[in-house]
Amino acid sequence: MKTKLIKNGKLISPQGSKTADIYIEGEKISRIGKNLLPETGIETDTEVIDAAGKLIFPGFIDAHTHFDLHVAGTVTCDDFASGTKAAIAGGTTTIIDFGTQYHGETLREGLFNWHRKAAAGCSCDYSYHMSISEWNETVAEECQTMMDEGISTFKLYMTYDDMLLQDKQLFEVLQRLKEVGGITGVHCENAGMIDALREEYASDPLRRSQVSSHYLTRPAAAEAEAIGRLLHLCEVAGCDVIDVHLSCEEGLREIRAARARGQRVYVETCPHYLLLDHTSLDTADFSGAKYVCAPPLRTRHDQDVLWQALADGEIQTVSTDHCSFTWEQRLLGKDDFRRIPGGLAGVEYRIPLLYSEGVAKGRITAERMCEVCAENPAKLYGLYPKKGVIAEGSDADLVILNPNETRVLSSKTQVSHCDYCNYEGLSVHGVLDAVLLRGEVAAVRGKVIAENRGRFLRRGAYAL
């Protein structure tokens, strides 16, 4: 791979941005400085990229994807091949997917299965969290095995029958992960409350067929109660934790209360909770099924609260929870809202949306966007400083963004296999001119030009 010199761009960092040149040798950033010149002699073939007037971010990290996932009687329409292509097209150079230990499996078997899925080909670098669905002595021992394999983060669920752990099991997992130096993200919703409401609504033929019944049976209180219960378990266990996909103010209040007690709680939210609301499901026909996810979309007030929390540093990361289904798959729930597969396709649009709706509209700064989408995820998920930062010696994962252009989001031009776009027709400010993965240009203006270069990343302990 020949050397590259990116000149005159504005390098974005949470610690402060500056105009400088970046010299790349092979897969690494070798020098950063003013007025760097191409090397002479044998290096005369250095490729020079002029980034004047453009912003240069470190490659972005999406730590919450679900590719090739068997769920709700079907399989997500994006596998690792199409999902990672969509990721790199949208400026994400590293994804962390959720590997799963299904009932009857060991964690090792779950990890093997996810390595097999990723063998389909990945166009960005990748790793996995390990989701724990059963808890016993063998699994407890395997937590150390996962850490040794570079799987340093886990996932627990407080809802879904096939993934749900009871409070005693949750508490024991939290204690064990503290022992091995791992940390877990948790899906927080009160399973009993939701199950009771779903049964009530399904008993009425009209409400059973309405898409809006999805969010009405998963109220914000169900999320907030589960967050509060989790955080009290963590309080006694004496461990840190990650609340994934926070959607509402009620849940944020529980997090604030735990932090006031002195607890360390990391918080993730997603673009759809910042930009979409439950009225998308309030349709006379079934089209609202395209917006079914869990936790569900909330209110515009919740959006405002989350944007402010993001700006104020109360939220540490923004990931997508990419879990994509085609329209035909959504139709599985045509007569029963409980059968609609839940999840949105977001890995391709997270960065354009956050820049346009966040930075360009003055809700957050470019530096804050860099922090929550690159540096913080790298630190929280054991990848820093290899990833998440523009620094000498770091991987040359870079995103060159032109802030002066606009584009219109559309399913006609997207890379994801999803056959619709939840942001169809939205004009966004900021175009990704180029995305570099370890020194090679992998995507240009939303088009992937270098496929299947992704590598599995062994990760260390969290350090945020």
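Refer to the structure presented above.
Each chain carries its own residue numbering, running from 1 in the direction its sequence is written. In view of the model being predicted, local features appear only for residues whose pLDDT reaches at least 70, and side-chain atom pairs are presented and counted only at 80 or more, with totals across whole chains, interfaces and linings using the full set of residues. Hydrogens and waters are ignored; side-chain quantities use all the structure's heavy atoms.

Some details on the pairing of strand E9 (residues 92-101)
Working step 1: In this scheme, a residue with accessible area under 20% of its type's maximum is buried, one over 50% is exposed, and one in between is partly exposed, where area comes from a 1.4 Å probe on protein chains only. Secondary structure follows DSSP: runs of H or I at least 4 residues long count as helices, runs of E at least 2 residues long count as strands, and numbering of each begins at the N terminus. Most of E9 is tucked away, with ten of its ten residues classed as buried.
Working step 2: Paired strands, as defined in this entry, are two strands with at least two bridges between them according to DSSP. Inspection of the sheet shows strand E6 (residues 60-65) paired to E9 by four bridges, in the parallel sense. Bridge pairing in E9 links Ile61 to Thr94.
Working step 3: Bridge count for E9 against strand E10 (residues 125-132) is eight bridges, and the pairing is parallel. Note on E10: the bridge partner recorded for Ile95 is Tyr126.
Working step 4: Remark: the E9/helix H2 (residues 107-118)/E10 crossover connection has right-handed handedness. Crossover handedness is defined by viewing with both strands directed away from the observer: a clockwise path from the first strand over the helix to the second marks the crossover as right-handed.

Here's the deal with the packing of aromatic side chains
Working step 1: Each aromatic pair joins two rings of Phe, Tyr and Trp (for Trp, the six-membered one) with centres within 6.5 Å, and gets the label stacked for planes under 30 degrees apart, edge-to-face for over 60, and tilted for any other angle. Using the criterion set out here, one finds eleven aromatic pairs in the structure.
Working step 2: Aromatic side chains Tyr157 and Tyr160 sit 5.9 Å apart centroid to centroid with 55° between the ring planes, which places their arrangement in the tilted category.
Working step 3: Note on Tyr157: relative accessible area 9%, which makes it buried.
Working step 4: The exposure class of Tyr160 is partly exposed, given its relative accessible area of 32%.
Working step 5: Measuring from centroid to centroid gives 6.2 Å for Tyr266 and Tyr462, while their planes differ by 75°, and the two rings are edge-to-face. Residue Tyr266 is found in strand E14 (residues 265-269), and its partner Tyr462 is found in the segment after strand E19 (447-448); the two are separated by 196 residues along the sequence.
Working step 6: The structure contains a cluster of three or more aromatic residues connected by ring pairs, namely Phe67, Phe80, Tyr126, Tyr128 and Phe456.
Working step 7: Charges are assigned to positions over rings by a cutoff of 6 Å between ring centre and Lys NZ or Arg CZ, combined with an angular limit of 35 degrees from the ring normal. Looking at Arg31, its charged tip hangs above the ring of Tyr23, at a distance of 4.8 Å from the centre.

Topic: the packing of H2 against helix H3 (residues 137-148)
Working step 1: A fitted line through C-alpha atoms represents every axis, and for helices the fit uses only the stretch in contact; the resulting angles, taken between N-to-C directions, go from 0 to 180 degrees. In contact at an axis separation of 9 Å, H2 and H3 are set at 45° when each is read in the N-to-C sense. With respect to their mutual orientation, H2 and H3 come out oblique. Packed against H2, whose contacting residues are Leu107, Arg108 and Leu111, the element H3 presents Val139, Glu142, Cys143, Thr145 and Met146 at the interface. With respect to orientation, any angle under 35 degrees is reported as roughly parallel, any angle over 145 as roughly antiparallel, any angle of 65 to 115 as roughly perpendicular, and every other angle as oblique. When checking whether two residues touch, look at their non-hydrogen atoms; a contact exists if any pair is within 4.5 Å.

Focus: the layout of surface pockets
Working step 1: By volume, the largest pocket amounts to about 930 Å³.
Working step 2: Contributing elements (two or more residues each) for the lining of the largest pocket: strand E7 (70-71), E9, strand E11 (153-157) and helix H5 (191-202).
Working step 3: No other element matches the four residues that H5 contributes to the lining of the largest pocket.
Working step 4: Residues were grouped as follows: Ala, Val, Leu, Ile, Met, Phe, Trp, Tyr, Cys and Pro as nonpolar; Asp, Glu, Lys and Arg as charged; and all remaining residues, including Gly, as polar. Grouping the constituent residues of the lining of the largest pocket by class yields 19 nonpolar, 13 polar and nine charged. A pocket here means an open set of points on a 1 Å grid, computed over the protein atoms alone, that has protein on both sides within 12 Å along at least five of seven lines. A cavity is instead a set of points where a 1.4 Å probe fits but cannot get out; residues with an atom within 4 Å of a point line either one. Grid points are joined across faces, edges and corners, and a volume is the space filled by probe spheres set on the points.

Notes on the nonpolar core
Working step 1: To define a nonpolar core, start from buried Ala, Val, Leu, Ile, Met, Phe, Trp, Tyr and Cys residues and group those joined through side-chain atoms within 4.5 Å. Ranked by size, the top nonpolar core spans 108 residues in total, and within it Phe57 and Ile132 carry the most contacts.
Working step 2: Examining the composition of this core, we find that seven residues originate from one element, helix H8 (residues 220-237), more than from any other.
Working step 3: The residues touching Ile132, leaving out its near neighbours within four places in the chain, are Gln101, Leu107, Val139, Cys143, Phe154, Lys155, Leu156, Met163, Leu165 and Val173.
Working step 4: In this structure, Ala20, Ile24, Ala434 and Val441 belong to the second largest nonpolar core, which totals 16 residues.

Digging into the sheet that holds E6
Working step 1: Ordered in space as E6-E9-E10-E11-E12-E13-E14-E15, the eight strands form an open sheet in which the pairing is parallel. Two strands lie at the open edges of the sheet, namely E6 and strand E15 (317-318), each paired on one side alone.
Working step 2: Across the face of the sheet, H2 comes into contact with E9 and E10 while running at roughly 150° to E10.
Working step 3: Together, strand E12 (183-187), strand E13 (241-243) and E14 form the strand contacts of H8, whose direction differs from that of E13 by roughly 175°.

With respect to the pattern of salt bridges
Working step 1: For this analysis, a salt bridge means a side-chain nitrogen from Lys or Arg found within 4 Å of a carboxyl oxygen belonging to Asp or Glu. Within this structure, the stated rule accounts for 34 salt bridges.
Working step 2: The residue Lys7 makes a salt bridge to Asp21 at a minimum N-O spacing of 2.9 Å. Of this pair, Lys7 sits in strand E1 (residues 4-11) while Asp21 sits in strand E2 (residues 18-25), and the two are 14 residues apart along the sequence. A single burial state applies to Lys7 and to Asp21, both of which are buried.
Working step 3: In this structure, Glu405 and Arg445 form a salt bridge, with 2.7 Å as the shortest nitrogen-oxygen distance. With Glu405 in strand E16 (residues 398-408) and Arg445 in the loop between strand E18 (440-444) and E19, this pair connects stretches of sequence that are 40 residues apart.
Working step 4: Among the residues examined, Arg445 registers a relative accessible area of 43% and is labelled partly exposed.
Working step 5: A single salt-bridge network, built from bridges that share partners, covers Glu27, Lys28, Asp125, Lys386, Lys387, Asp395, Asp397, Arg438 and Arg455.

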